[in-house]
Amino acid sequence: MWKEIDAAPADAILGLTEAFKKDANPSKVNLGVGVYKDDQGTTPVLKCIKAAEKALIETQATKGYLPISGDPAYAANVQKLLFGADSEVVASGRAATIQSPGGTGALRVGADLLKKFKPDATLWVSAPTWANHKGIFAAAGFAINDYIYYNPATKGVDFDGMLSALEAVPAGDIVLLHVCCHNPTGIDLSADQWDQVLAVAVSKGWTPFLDFAYQGFGDGLEADRDAAEKFAAAGIDFLVASSFSKNMALYNERTGALTLVSPTAEEAAVAMSHVKKTIRVNYSNPPAHGGLAARAVLEDSALYEQWVGEVAEMRERIKAMRTALVDGLASRGVEQDFSYIKEQRGMFSLSGLSDEVVAWLRENKSIYIVKGGRINVAGLTSANIDYVCDAIAEALKV
């Protein structure tokens, strides 16, 4: 059946990694894939996860299926992390959480659920957004539009344009919002700007869908949830897709969650009944190991404090690499001002490098960057930063 079918194009990011693996240049650098790397260029297993897994292996008595919605204690701990242990939305039962196969799985389950009850809705995403957002929601059957977000001239948020666009979104449509560490720009909204976005959501009646994949990588685990807490306090319907891929480095365990928040506990229960039906005909129930390890970290005070420290180490390393890149380019006499990279947050930066420079760096220096100039700052290390700065400086003079 495949003889007359053309091969599908490679994923823009994962395909770049495949090309990187085949590159024989010993100096090659991968700044494309969105995976945290330590200063040795390795994606680590966190010490808190190692301890949690050791205890889990020693005490686990069964490999039986989890419930369709996942481990209930995991879900309860996710809600505390998203909104705070003393949050009204947690105490009142207005939130319903399912354990999902990563943040991607959470987005897709949410998309399928919304498509069932909002079949004519349009999904709105920031321009730009994570490349897979459009693919996920298009596969669920949604029409997709962009709203203004990034201003290439200022290297910041075009907030006036964004607010105007959101005010024009019809009631009943769905708006996808990055809670923190915006992917791919690294530019986030201020607390006051979030207040204004929330006010528009309430007045216009569209449904917010919060993508919260990088909690802890901005300012800290508690500080980064400020926007999520604001939406929870508003008493409206919204969804949150969250993930432990980044902040617990549980990439290959596919450990995420989808949380639906409603005005009442009764409505949240209805939502949960339908999200279970959505899951049942998809993957039936989630993988257990990563979620149980995450739960152990969240429940154990000593492991939790260790985790807070490890997240801080990752966050500060990324910030240090931002500074090293900006200062390194400036010290090499690069005329273009890259200082805005220091102000961005999280793993990603819309670097300002043109597609021509990106192509030159790959062809001549084996430095792999996503088209559009998005770089994973965590791919920079003390061993490769000088090579990267030298290469970019040379590329900008070509």
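Residues numbered from 1 in each chain as written. Predicted model: local features only at pLDDT ≥ 70, side-chain atom pairs only at ≥ 80, totals over all residues. Heavy atoms only, no water.

Student: Hey, could you run me through the overall build of the protein in this one?
Tutor: What the protein contains, in helices and strands, is 15 helices and 13 strands. For 398 residues, the compact-globule formula gives about 21 Å, and the C-alpha radius of gyration of the protein, at 21 Å, lands near that figure. When its C-alpha atoms are laid out on the principal axes, the protein stretches across 65 × 55 × 55 Å. Expressed as a percentage of its 398 residues, the buried residues of the protein come to 54%. Partitioning the contacts of the protein with sequence separation of at least 6, the portion at a separation of at least 24 is 75%. (Helix = DSSP H or I, 4+ residues; strand = E, 2+ residues; numbered from the N terminus. Rg over C-alpha atoms; globule rule 2.2 N^0.38 Å. Buried < 20%, exposed > 50% of the residue type's maximum accessible area, 1.4 Å probe, protein only. Contact = heavy atoms within 4.5 Å.)

Student: Please explain the packing of helix H12 (residues 301-331) against helix H15 (residues 385-397) as it appears in this structure.
Tutor: Two elements in contact, H12 and H15, have axes whose closest approach is 9 Å; the angle formed by their N-to-C orientations is 45°. Taken together, the axes of H12 and H15 lie oblique to each other. The hand of the H12/H15 crossing is right-handed. For the pair H12 and H15, contact is made by Ala324, Leu325, Gly328 and Leu329 and by Ile385, Val388, Cys389, Ile392 and Ala393, respectively. Within the contact of H12 with H15, the residues separate by chemical class into eight nonpolar, one polar and no charged. (Axes fitted to C-alpha atoms, helices over the stretch in contact; angles between N-to-C directions. Parallel < 35°, antiparallel > 145°, perpendicular 65-115°, else oblique. Left-handed = near helix turned anticlockwise from the far one by under 90°. Nonpolar A, V, L, I, M, F, W, Y, C, P; charged D, E, K, R; others polar.)

Student: What exactly am I supposed to notice about the nonpolar core here?
Tutor: A general trend in soluble globular proteins is that nonpolar side chains are found buried together. Grouped together as the largest cluster of nonpolar side chains are 102 residues, with contacts concentrated most on Leu177, Val197, Phe244, Trp307, Leu325 and Leu361. Discounting chain neighbours no more than four positions away, the residues touching Leu361 are Leu353, Ser366, Ile367, Ile369, Ala391, Ile392 and Ala395. Ala140, Leu258, Leu260 and Val275 belong to the second-largest nonpolar core, a separate cluster that totals 27 residues. (Core = buried A, V, L, I, M, F, W, Y, C linked by side-chain atoms within 4.5 Å.)

Student: Hey, could you run me through the packing of helix H14 (residues 355-365) against H15 in this one?
Tutor: Helices that pack against each other are described as a pair by the angle of their axes relative to one another and the distance between those axes. Where H14 contacts H15, the two axes come as close as 10 Å, and the packing angle between them is 120°. Here H15 runs oblique to H14, going by the angle between their axes. By crossing handedness, the relation of H14 to H15 is classed as right-handed. Facing Val357, Trp360, Leu361 and Lys365 of H14, the residues of H15 in contact are Tyr387, Ala391, Ile392, Glu394, Ala395 and Leu396. Looking at the contact of H14 with H15 residue by residue, the classes come out as eight nonpolar, no polar and two charged.

Student: Looking at this structure, how should I read a nonpolar patch on the surface?
Tutor: Among the surface-exposed residues, Met1, Trp2 and Ile5 lie close enough to one another that they form a single nonpolar patch of about 450 Å² accessible area. Looking at where Met1 falls in the secondary structure, it is placed in the segment before helix H1 (14-22). Assessed through its relative accessible area of 81%, Met1 is described here as exposed. (Patch = residues over 30% accessible without salt bridge, like charges linked within 9 Å, V, L, I, M, F, W, Y side chains within 5 Å. Areas by Shrake-Rupley, 256 points an atom, 1.4 Å probe, with all protein chains shown as cover. Salt bridge = Lys/Arg side-chain N within 4 Å of Asp/Glu carboxyl O.)

Student: Looking at this structure, I do not really get helix H8 (residues 191-204). What am I missing?
Tutor: An α-helix turns once per 3.6 residues; consequently, residues spaced three or four apart project the same way. In this model, H8 (14 residues) spans 20 Å end to end at C-alpha, consistent with the 20 Å of a helix rising 1.5 Å per residue. Looking at the packing, one finds that the buried side of H8 touches helix H7 (159-167), strand S7 (174-178), strand S8 (207-212) and helix H9 (226-233). Positive backbone phi, approximately 80°, marks Gly205, located one or two places after H8. (Expected span 1.5 Å × (residues − 1).)

Student: Hey, could you run me through the sheet that holds S8 in this one?
Tutor: Backbone-to-backbone hydrogen bonds join strands into a sheet, with any given pair of strands oriented parallel or antiparallel. Read across the sheet, seven strands follow the order S2-S10-S9-S8-S7-S3-S4 without closing on themselves; strand pairing throughout is mixed. Every other strand in the sheet has two partners, leaving strand S2 (95-101) and strand S4 (143-148) as the edge strands with one partner each. In this sheet, neighbouring strand axes are inclined to one another by 25° on average, regardless of whether the strands run parallel or antiparallel. Taken together, the two bridges between strand S3 (residues 122-127) and S7 define a ladder with parallel strand orientation. By the bridge assignment, Leu123 is partnered in S7 with Ile174. Helix-sheet contacts for helix H3 (residues 72-83) involve S2, S8, strand S9 (238-243) and strand S10 (255-261), and the interaxial angle to S10 is about 70°. Each of S3, S4, S7 and S8 touches helix H6 (residues 131-139); the most contacted strand, S4, lies at about 150° to it. (Pairing = 2+ DSSP bridges.)

Student: I tried to follow the state of the cysteines on my own but got confused; where do I start?
Tutor: Any covalent bond linking the sulfur atoms of two cysteines counts as a disulfide. Summed over the entire model, instances satisfying the criterion amount to zero disulfides. No disulfide involves Cys181; its nearest neighbouring cysteine sulfur is the one of Cys180, lying 3.9 Å away. (Disulfide = S-S within 2.5 Å.)

Student: Teacher, can you tell me more about the pairing of S2 here?
Tutor: The two faces of the sheet receive side chains in turn, since in a regular strand these alternate between them. Among the seven residues of S2, six are classified as buried, and the element is accordingly described as predominantly covered. In the sheet, S2 pairs with S10 via seven bridges, with the strands oriented antiparallel. For Ala95, the partnering residue across the bridge sits in S10 and is Val261.

Student: I would appreciate a short explanation of the pattern of salt bridges in the present structure.
Tutor: Any two side chains of opposite charge can pair, so long as their charged atoms come close to each other. This model, assessed by the stated rule, comprises 18 salt bridges. Salt-bridge contacts for Asp39 lead to Arg317; the nearest nitrogen and oxygen are separated by 3.4 Å. Taken together, the residues Asp39 in the loop between strand S1 (29-30) and helix H2 (47-59) and Arg317 in helix H12 connect sequence positions 278 residues apart. Judged by its relative accessible area of 12%, Arg317 falls in the buried class. Across the pair Asp195 and Lys230 runs a salt bridge whose closest N-O atoms are separated by 2.9 Å. Separated by 35 residues along the polypeptide, Asp195 in helix H8 and Lys230 in helix H9 bring together distant segments of the chain. Residue classification places Asp195 among the partly exposed positions, given a relative accessible area of 37%. Via salt bridges that share partners, Asp71, Arg295 and Glu299 belong to a single interconnected network.

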